[in-house]
Amino acid sequence: MKILYTNFHAGDGGGHTTYLASLARALSPRHQLFMAAPAGSRVLRVMRQERIAEPVEIAFSSSLATLGRQWADLRTLRGLIREHAIDIVHANGARDHRVAMEAVAGLPKRPKLVFTKHNSKSSNTFGNTVRARWGTDRVIAVSEHTRQMLLDSPYRRCPIDVVRNGVDLQRFAPVAAAEGAALRARWTLDPEALVLVSNAGTDGHKGWIDLARAIATLPEPLRGKVHMAVAGREPDPRLVAEVSQLGMAGQVHFAGLLEDIRPLVASGDAGFVLSYDVETISFACREMMAMGKPVMVSDYAGLPENITHGRNGWIVPVRDVAAIAAQVVALYEQRGDLARIGLAAREHAVEAFGLETFSGLTEASYEAVLRGTEGSLRKAAD
């Protein structure tokens, strides 16, 4: 197949970049791949460095001031689709989905359009209605929760396949504690400390501030023995100020944007992803579990689909500071058992999170759309 991926993110791209890079690595040996994204985006950098897809610089801008650039980009994308006889255009966000729809309009040999929904935002908008009707042949939902959202949206008219995100189980494998020792020493030198880590990012909706608030409510001396470390961009200054107001500046550690998050994960006893908006299934959660870390997640969107509570992680109510605090107390009390629970997390990751499953189901979705199969892969399996 000839597959064109599109993504509007101009910077790091977060989970979108992980998703697209993972697919490209798995599928490039068997298919010819193209990646359209803004110049300077991390996803284009990865494609160039690893030579897993032909990079195409498309800004996917939308303001009136950029109409000239938008028209030029549209012609570039349309020309590429015609020149290479693209079979599938796989869009990953509203802006690139719209441009992809416009680029294929009226082509004598129109490629199939596949759309992956990567967030928990409502799809009941005019733009989604138009794209569902004219710019989508098949939809990929990254969690069962996402599928249910799509069934309550204009995309209900399209076949919807549930393909949960996969992670590289060889790259994200358990490592010796020594590999995270240097970072852990930056967080604390207390041998009795509990260190909770997250590579889910520092955006406010990731809920890390709720964990800081929860730790701040704990009684001494326990309060001083719990640390948390978060990787990601510079956080909202207002949230950083609140951390100081809570008296938690010495226990909330910001690791910055990391090219390699594995030492961060290794530095912790357990992971956390406490999102309350935008989230779907979370690559971060799955990467930490694959590395043998049990993870505490909020009961939001598809996050609970990763966890069997008490066996390989824990599920807490969304934004419930008291419940989060109670779970932190329980984790501290069982910190000697966290390594065993982490082994269960790794076992679950091996069973369900592998790239082979992820890429294979995505490839099956592509084959189904090319055949014109009406039903979803889920229904076919049932």
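This text follows the structure it describes.
On a predicted model such as this, the values are computed, not experimentally measured, just so you know. (Residues numbered from 1 in each chain as written. Predicted model: local features only at pLDDT ≥ 70, side-chain atom pairs only at ≥ 80, totals over all residues. Heavy atoms only, no water.)

Asks: I tried to follow the side chain of Ser282 on my own but got confused; where do I start?
Replies: Secondary-structure assignment places Ser282 in the loop between β11 (270-273) and α11 (283-290). You can call Ser282 buried: its relative accessible area is 3%. Looking at Ser282, its side chain comes within polar contact range of the main-chain nitrogen of Ala284, at 3.4 Å. With sequence-adjacent residues up to four places away left out, Ser282 is seen in contact with Val273 and Leu303. (Helix = DSSP H or I, 4+ residues; strand = E, 2+ residues; numbered from the N terminus. Buried < 20%, exposed > 50% of the residue type's maximum accessible area, 1.4 Å probe, protein only. Polar contact = N/O pair within 3.5 Å; in protein donor to acceptor, adjacent residues only side chain to side chain. Contact = heavy atoms within 4.5 Å.)

Asks: Please explain the pairing of strand β12 (residues 295-298) as it appears in this structure.
Replies: Burial along β12 is two-sided: Val295 and Val297 and Met296 and Ser298, pointing in opposite directions, are all buried. With three bridges joining them, β11 and β12 adopt parallel strand pairing. By the bridge assignment, Gly271 is partnered in β12 with Val295. Each parallel crossover has a hand, and the one from β11 via α11 to β12 is right-handed. Sheet analysis places β12 next to strand β13 (residues 313-316), joined by four bridges and oriented parallel. What sits directly across from Ser298, in β13, is Val316. (Pairing = 2+ DSSP bridges. Right-handed = clockwise from strand over helix to strand, strands pointing away.)

Asks: Please explain the sheet that holds strand β2 (residues 32-37) as it appears in this structure.
Replies: Consider a sheet: its strands pair through backbone hydrogen bonds, and that pairing is either parallel or antiparallel. Pairing within the open sheet is parallel, and its seven strands lie in the order β3-β2-β1-β4-β5-β6-β7. Edge positions in the sheet fall to β3 (54-57) and β7 (160-162), since each has one partner strand and no second. Within the sheet, the average angular offset between the axes of one strand and its neighbour, ignoring direction, is 20 degrees. Of the pairings in the sheet, the one linking strand β1 (residues 2-6) to β2 comprises five bridges and is parallel in character. What sits directly across from Lys2, in β2, is Gln32. (Axes fitted to C-alpha atoms, helices over the stretch in contact; angles between N-to-C directions.)

Asks: Whenever I open this one, the packing of helix α3 (residues 67-84) against helix α4 (residues 94-104) confuses me. Can you help?
Replies: When two helices pack together, their arrangement is given by the angle between their axes and by how far apart the axes lie. α4 packs onto α3 with a crossing angle of 60 degrees between their chain directions and a minimal axis gap of 9 Å. Taken together, α3 and α4 sit at an angle that is classed as oblique. Considering the relative orientation of α3 and α4, their crossing is right-handed. Counted together, Gln70, Leu74, Leu77, Arg78 and Ile81 of α3 and Arg98, Val99, Ala100, Glu102, Ala103 and Val104 of α4 form the full contact between these two elements. A class-by-class count of the residues in the contact of α3 with α4 yields seven nonpolar, one polar and three charged. (Parallel < 35°, antiparallel > 145°, perpendicular 65-115°, else oblique. Left-handed = near helix turned anticlockwise from the far one by under 90°. Nonpolar A, V, L, I, M, F, W, Y, C, P; charged D, E, K, R; others polar.)

Asks: What am I meant to see in the packing of aromatic side chains here?
Replies: Two numbers describe a pair of aromatic rings. These are the distance of the centres and the angle of the planes. As enumerated under the stated definition, the model contains three aromatic pairs in all. Summarising the aromatic geometry, the rings of Trp208 and Phe254 are spaced 5.3 Å apart at their centres and angled 85 degrees between planes, so their arrangement reads as edge-to-face. Residue Trp208 is found in helix α8 (residues 208-216), and its partner Phe254 is found in strand β10 (residues 252-256); the two are separated by 46 residues along the sequence. Judged by its relative accessible area of 0%, Trp208 is buried. It is Arg335 that lies over the ring of Tyr332; its NZ or CZ is 3.9 Å from the centre. (Phe/Tyr/Trp six-rings, centres within 6.5 Å; stacked < 30°, edge-to-face > 60°. Lys NZ or Arg CZ within 6 Å of the ring centre and 35° of its normal.)

Asks: Please explain helix α12 (residues 321-333) as it appears in this structure.
Replies: A rise of 1.5 Å per residue sets the reference length of α12, with its 13 residues, at 18 Å; its end C-alpha atoms lie 18 Å apart and thus fit the reference within 8%. Residues of α12 that are buried include every one of Ile324, Ala325, Gln327, Val328, Leu331 and Tyr332, and no others. The buried side chains of α12 occupy one side of the element, clustering within an arc of 165 degrees when seen end-on. Facing away from the buried side of α12 by over 90 degrees, the exposed positions are Ala322 and Glu333. Buried residues belonging to α12 abut β8 (194-198), α8, β9 (226-231), β12, β13 and α13 (338-352). (Expected span 1.5 Å × (residues − 1). Arc of directions from axis to C-beta.)

Asks: Just checking my understanding: could you explain α3 for this structure?
Replies: Residue pairs spaced three or four apart in an α-helix point in one direction, given the helix's 3.6 residues per turn. End to end, α3 covers 26 Å across 18 residues, agreeing with the expected 26 Å (1.5 Å per residue, within 8%). Those residues of α3 that sit buried are Gln70, Asp73, Leu74, Leu77, Leu80, Ile81 and His84. Buried residues of α3 fall within an arc of 130 degrees about the axis and therefore sit on the same side. In α3, the exposed residues that point more than 90 degrees away from the buried face are Gly68, Trp71, Arg75, Arg82 and Glu83. In this structure, the buried residues of α3 make contact with β1, β2, β3, β4 (88-91) and α4. Ala85 sits one or two positions beyond α3 and adopts a positive phi of about 50 degrees.

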